[in-house]
Amino acid sequence: MNSMDSMNSMDNTESANVSHAQQSNYNFAYLDEQSKRTIRRGLLKAVAIPGHQVPFAGREMPMPYGWGTGGVQLTASILGEKDVLKVIDQGSDDTTNAVSIRRFFERTAAVKTTTATEEATVIQTRHRIPEQSLSNDQILIFQVPIPDPLRFIEPSETETQKMHALEEYGVMHVKLYEDIAHYGHIATTYAYPALVNERYVMDPSPIPKFDNPKLHMNEALLLFGAGREKRLYAVPPYTKVKSLDFDDHPFEIQQWEENCALCGSDNSFLDEVIVDDEGTRMYVCSDSHYCSQRVAEQEQEQVSSSHSQNKSEDLA
Amino acid sequence: MKMPVVETQPLLTVNNVQKLYAINRGCQDVNFSLYPGEVLGIVGESGSGKSTLLNCLSGQAAPNSGDIIYHTRAGEDLNIYDINEAKRRLLMRSEFGIVKQHPRDGLRMRVSAGANIGERLMAVGDRHYGHIRDVASNWLEQVEIDAERVDHLPSEFSGGMQQRLQIARVLATHPRLVLMDEPTGGLDVSVQAKILDLIRTLVADLNLSVIMVTHDLAVARLLCHRLIVMQKSRVVESGLTDQILDDPQHAYTQLLVSSVLTP
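Just so you know, the residues in each chain are numbered from 1, in the order the chain's sequence is written. The naming scheme follows written order: chains are lettered A onward, ligands numbered 1 onward. Whole-chain, interface and lining totals are the exception, using all residues; otherwise, since this is a predicted model, local features are given only for residues with pLDDT of at least 70 and side-chain atom pairs are given and counted only at 80 or more. Side-chain descriptors were evaluated using all non-hydrogen atoms of the structure, hydrogens and water having been removed beforehand.

## Remarks on the interface of chain B and chain A
Whether two residues are in contact is decided by their heavy atoms, any of which lying within 4.5 Å being enough. Chain B puts 21 residues into the contact, and the matching count from chain A is 20 residues. By definition, the buried area sums, over both parts, the 1.4 Å-probe accessible area that each loses when the two are put together. Summed over both sides, the interface of chain B with chain A buries roughly 1900 Å², with 59% coming from carbon and sulfur. Together, Arg89(B), Arg127(B) and Tyr129(B) form the three largest contributors to the area buried by chain B at its contact with chain A, with a combined 38%. When a carboxyl oxygen of Asp or Glu lies within 4 Å of a side-chain nitrogen of Lys or Arg, that pair is called a salt bridge. Put simply, chain B and chain A have four salt bridges between them. In this structure, the salt-bridge partner of Glu159(A) is Arg89(B), at a minimum N-O distance of 2.9 Å. By the criterion applied in these results, polar contacts are pairs of N or O atoms within 3.5 Å in which, for protein atoms, one can donate a hydrogen and the other can accept it, and in which residues neighboring in sequence qualify only through two side-chain atoms. Our count for the contact surface shared by chain B and chain A stands at 13 residue pairs in polar contact (both at pLDDT 80 or more). In DSSP terms, a helix is any run of H or I states spanning at least four residues, a strand is any run of E spanning at least two, and both are numbered starting from the N terminus. Within the residue set of the side of chain B that touches chain A, elements represented by two or more residues are α2 (85–94), α4 (113–123) and α5 (129–142) of chain B. The leading source of residues in the side of chain B that touches chain A is α4(B), at five residues. A breakdown of the residues in the side of chain B that touches chain A according to their chemical character gives eight nonpolar, four polar and nine charged. Residue polarity follows a fixed list, in which Ala, Val, Leu, Ile, Met, Phe, Trp, Tyr, Cys and Pro are nonpolar, Asp, Glu, Lys and Arg are charged, and the others, Gly among them, are polar.

## Observations concerning the side chain of Gln53(A)
Residue and element names in this part refer to chain A. The residue Gln 53 is located in the loop between α3 (33–48) and β1 (54–55) in this model. For Gln 53, a relative accessible area of 14% corresponds to the buried category. At 3.5 Å, the side chain of Gln 53 and the side chain of His 164 are in polar contact. Apart from the residues lying within four places of it in its own chain, the contact partners of Gln 53 are Pro 147, Asp 148, Pro 149, His 164, Arg 231, Leu 232 and Tyr 233. Accessible area is worked out with a 1.4 Å probe on protein chains only. A residue is then buried under 20% of its type maximum, exposed over 50%, and partly exposed in between.

## A closer look at the sheet that holds strand β4 (residues 65–71) of chain B
All names here are of chain B. Read from one edge to the other, the open sheet built from four strands follows the order β2-β1-β4-β5, with strand pairing classed as antiparallel. Bordering the open sheet on either side are β2 (25–34) and β5 (77–79), each of which pairs with just one other strand. Strand-to-strand twist across the sheet, computed as the mean angle between neighbouring axes with direction ignored, equals 25 degrees. For two strands to pair, DSSP has to find at least two bridges joining them. Helix axes are fitted only over the stretch in contact, all axes being lines through C-alpha atoms; the angle between N-to-C directions runs from 0 to 180 degrees.

## Overview of empty space enclosed by the protein
Residue and element names in this part refer to chain B. Here a cavity means grid points, on a 1 Å grid over the protein atoms only, where a 1.4 Å probe fits yet cannot get out; a pocket means an open set of points with protein on both sides within 12 Å along at least five of seven lines; lining residues are those with an atom within 4 Å of a point. Grid points are joined across faces, edges and corners, and a volume is the space filled by probe spheres set on the points. Applying the stated criterion across every chain, the model contains one cavity of 30 Å³ or more. In this model, the largest cavity occupies a volume close to 30 Å³. Ile 167, Leu 171, Met 180, Ile 199, Leu 202, Val 203 and Leu 208 are the residues that line the largest cavity. Looking at the lining of the largest cavity, the elements with two or more residues in it are α6 (159–171) and α7 (189–206). Class assignment of the residues belonging to the lining of the largest cavity gives a composition of seven nonpolar, no polar and no charged.

## Describing the layout of surface pockets
Volume-wise, the largest pocket comes out at about 920 Å³. Contributing to the lining of the largest pocket are 29 residues, with Glu159(A), Arg89(B), Arg93(B), Arg120(B) and Arg169(B) lying nearest its centre. When contributions to the lining of the largest pocket are tallied by element, the ones reaching two or more residues are α6 (157–165) of chain A together with α2, α3 (103–106), α4 and α6 of chain B. Per-element accounting of the lining of the largest pocket gives the leading share, five residues, to α2(B). A per-class count over the lining of the largest pocket returns eight nonpolar, six polar and 15 charged.

## A short note on the environment of Glu258(A)
Along the chain, Glu258(A) falls in the loop between β10 (241–243) and β11 (270–274). Residue Glu258(A) is classed as partly exposed on the basis of its relative accessible area, which comes to 33%.

## Some remarks on the packing of α6(B) against α7(B)
Residues and elements named next belong to chain B. Axis separation between α6 and α7 bottoms out at 10 Å; the angle between their running directions is 15 degrees. Taken as axis vectors, α6 and α7 run roughly parallel relative to one another. Handedness of the crossing formed by α6 with α7: right-handed. On α7, the residues touching Gly 160, Gln 163, Arg 164, Ile 167 and Leu 171 of α6 are Val 191, Lys 194, Ile 195, Leu 198, Ile 199, Leu 202 and Leu 206. Tallied by class, residues from the contact of α6 with α7 come to eight nonpolar, two polar and two charged. Here roughly perpendicular refers to angles of 65 to 115 degrees, roughly parallel to angles under 35, roughly antiparallel to angles over 145, and oblique to all remaining angles. Left-handed describes a crossing whose near helix is turned anticlockwise from the far helix by less than a right angle; the clockwise case is right-handed.

## A look at α6(B)
A helix is expected to reach a length of 1.5 Å times the quantity of its residues less one. Compared with an ideal rise of 1.5 Å per residue, which puts 13 residues at 18 Å, α6(B) spans 19 Å between its outermost C-alpha atoms and is within 8% of the ideal. In terms of residue burial, α6(B) counts as a mostly covered element, since 12 of its 13 residues are buried.

## A word on the state of the cysteines
Residue and element names in this part refer to chain B. Put simply, a disulfide is two cysteine sulfurs that come within 2.5 Å. Inspection of every chain in the model, using the stated rule, returns zero disulfides over all chains. Just so you know, Cys 224 is unpaired, no disulfide at all, and the nearest cysteine sulfur is the one on Cys 27, 18 Å from it. Owing to a relative accessible area of 6%, Cys 224 belongs among the buried residues under this scheme.

What follows is the structure, encoded as structure tokens:
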């Protein structure tokens, strides 16, 4: 099932949910079916107009704004009983936010959850896109704090809507200009604005700009939900996403001199971790599943190589 | 003798423009033509409709009736309220320039002087940082601000410098028509003199057409070729500046001229 099919099959989840509702005090995945339908209608519109912010009737969720209420509502609306859910926060499966949202859906929807990127059909994320490339039967849901990339320079909502409608995106470069003027390079490192499908400028939520190239022609359906601002938007699979830049200052991603201290990866996004009172630091992959998977693979290789060594010794 | 080529096509034609908020509040029955290279002054007391008229001309407030026809660089005659909003806004940022009375309204106070000038360039599609910066520094020098200060915030500038920065920002994309609302209001006289001098030089050098709202007749005398006098939403007198100021015909104009204080 690819992600577009899963959008179409959303309506089928409704009947399946009834049996769950009879057993639990909550409706399947917490939200009532009407609310889910309005959000799904919004999602269909968002997919039809890539990068365009669609308003939706956001509901109160049993968690504070800023903790991912937008992402949770989107996840609740598209989740079916057969889905496998993964939740990540800052790339990690075991931080507070990820653990509580995962438990929330385990309890209210009883869906299968996982930490393995390739097993998940729905991934809710905060701050990262998994290192492992996604496939076209997966949906990635982002939690977004401020959906409008123009907000920093234009406080008026009516004005920013007009600017989006008329493609007046010149001011987006003012911020990048200021970066170069003050720091000599584009110093914006997260929530880096990008042009979607050559039309709408989008704030890709606070992912590091390291992840921006992964938005481009991604096979998975990318959905963005902002709970406080009650906006959602989408990047459908195989959509062009271009990070804004200047001709003489092209877009660049972060680079590290170190490799991951655990798995030795030299091409993943690294977190700096202070490990003692002396300020000793280590760099580790922010994507915990990617890192542990690599460590496991390396251990297995070691085991099998030492195994084959033993074998050859035996033969000798 | 060879005659100089005079452009006879008006840049802007205003026909029976009316925009009223209440009876005789706003502007009505306004007719005039503005030719390339001409500076037109709109004078009158507070509440006479000068700013309403300027808002109509600058695309910010559609008139209740009447036409405002602009002759574009491409040679088209456009009624600026008949074209769609996207086209009108593009026209406003490519061919029109608007200088506000308070620099704070016309500048982005939180970004550097260079970015303020560069914004207009980026808005019309310039994507080369080095080029934008060169143009910005160049414009700062033209308005007599040290190019070293290109990375300073406008809030670090004096009032007069802010106003000059605003003028540089507006002129960076080479507009053909500049609308100014009391550009020297609120500045002391020596700073005023400098701004007036600058505007006069730039208008001559760049062959700009300007419509300037002012209540200061001395400013009008110095800069404007022609004047329109407004009172209670109507144009009561119009003509050459010297003619109007030296030989006012309408009773209100006579009052206005005689009210000027001379030190």
